[in-house]
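# Notes for the structure review
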Amino acid sequence: MLYPIAIERGDKDTAHGIVVPDITGCYSAADNYNDIFENAAEAITGHLECLAEAGEDIPLPSNIENYIDEPEFKGMTWAVVAVDVSRYLGKTEKVNVTLPSRLIHLIDAKVASNKERYKSRSAYLSTLAEKDLILD
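Residues numbered from 1 in each chain as written. Predicted model: local features only at pLDDT ≥ 70, side-chain atom pairs only at ≥ 80, totals over all residues. Heavy atoms only, no water.

### A few points about helix H1 (residues 36-53)
Owing to its 3.6 residues per turn, the α-helix brings residues three or four apart onto one side. Counted at 1.5 Å a residue, the expected span for H1 with its 18 residues is 26 Å, and the 26 Å between its end C-alpha atoms agrees. One or two steps after H1, the chain reaches Gly 55, where phi turns positive at roughly 75°. (Helix = DSSP H or I, 4+ residues; strand = E, 2+ residues; numbered from the N terminus. Expected span 1.5 Å × (residues − 1).)

### Digging into the sheet that holds strand S2 (residues 16-19)
The sheet built from four strands is open, its strands ordered S3-S2-S1-S4 with antiparallel pairing. Of all strands in the sheet, those with a lone pairing partner are strand S3 (27-30) and strand S4 (77-82), marking the two edges. Neighbour-to-neighbour, the strand axes of the sheet open up by a mean angle of 30°, direction not taken into account. Bridge analysis of S2 against S3 gives four bridges, and the strand direction is antiparallel. By the bridge assignment, Ile 18 is partnered in S3 with Ser 28. (Pairing = 2+ DSSP bridges. Axes fitted to C-alpha atoms, helices over the stretch in contact; angles between N-to-C directions.)

### Here's the deal with the packing of aromatic side chains
Under the criterion given, the structure shown has four aromatic pairs. Residues Tyr 67 and Phe 73 carry aromatic rings whose centres are separated by 6.0 Å and whose planes lie at 80° to one another, so their mutual orientation is edge-to-face. The two residues Tyr 67 and Phe 73 agree in class, both being buried. Centre to centre, the rings of Tyr 67 and Trp 78 are 6.4 Å apart; their planes meet at 15°, and the pair counts as stacked. In this pair, Tyr 67 is assigned in the loop between H1 and S4 and Trp 78 in strand S4, connecting sequence segments 11 residues apart. As far as the burial class goes, Tyr 67 and Trp 78 line up, both buried. Ring pairing ties together the aromatic residues Tyr 67, Phe 73 and Trp 78, which thus form one cluster. We note Arg 9 situated over the ring of Tyr 33; from NZ or CZ to the ring centre the distance is 5.9 Å. (Phe/Tyr/Trp six-rings, centres within 6.5 Å; stacked < 30°, edge-to-face > 60°. Buried < 20%, exposed > 50% of the residue type's maximum accessible area, 1.4 Å probe, protein only. Lys NZ or Arg CZ within 6 Å of the ring centre and 35° of its normal.)

### Some thoughts on the nonpolar core
Of all hydrophobic cores here, the largest spans 21 residues; its most connected members are Tyr 3, Ile 5, Ile 44 and Leu 48. Mapped onto this core, the elements with two or more residues apiece are strand S1 (2-8), H1 and S4. The element best represented in this core is H1, accounting for six residues. If near-sequence neighbours (up to four positions away) are discounted, Ile 44 is found in contact with Tyr 3, Val 20, Ile 23, Cys 26, Val 81 and Val 83. Grouped together as the second largest cluster of nonpolar side chains are seven residues, Ala 6, Val 19, Tyr 67 and Met 76 included. (Core = buried A, V, L, I, M, F, W, Y, C linked by side-chain atoms within 4.5 Å. Contact = heavy atoms within 4.5 Å.)

### Topic: the state of the cysteines
This model, assessed by the stated rule, comprises zero disulfides. Among the cysteines around Cys 26, which has no disulfide bond, Cys 50 carries the closest sulfur, lying 10 Å off. Judged by relative accessible area, which is 1%, Cys 26 ranks as buried. Classification of Cys 50 as exposed rests on a relative accessible area of 53%. (Disulfide = S-S within 2.5 Å.)

### Quick word on the side chain of His 16
By the element assignment, His 16 lies in strand S2. Take His 16: its relative accessible area is 7%, and that puts it in the buried class. A polar atom in the side chain of His 16 sits 2.8 Å from the backbone nitrogen of Gly 10. Residues in contact with His 16, not counting those within four places in the same chain, are Glu 8, Arg 9, Gly 10, Ser 28, Ala 29, Ala 30, Asp 31, Asn 32, Tyr 33 and Ile 36. (Polar contact = N/O pair within 3.5 Å; in protein donor to acceptor, adjacent residues only side chain to side chain.)

Okay, here's the thing in structure tokens:
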């Protein structure tokens, strides 16, 4: 998942501020601009772990355009940080899905040609479902 982050540029005396607007209370900072993405990802995963442990819903990322014109983010730079949220979405469940055989063959060919990204047919379908649910 790609979480939008707002970056408030710091200077030699002040760290760069990082805000994750989709996750209430999720902030970070970085003394070095090159550390912004790593620090943001660490803050996001830390918040998601706490939410999951508390049994609360995991906020899914939204589009940067939802925030870019908000006055509280005026003058900030925007970026996205990739975070794997699958471990926070709950335990896996087996389901029975019916698909046309040609579609199954195409899915299996896609998975076979990209084993690094998709470990299985289920992983492929899960990835597509997550992407689609984020865009709605």
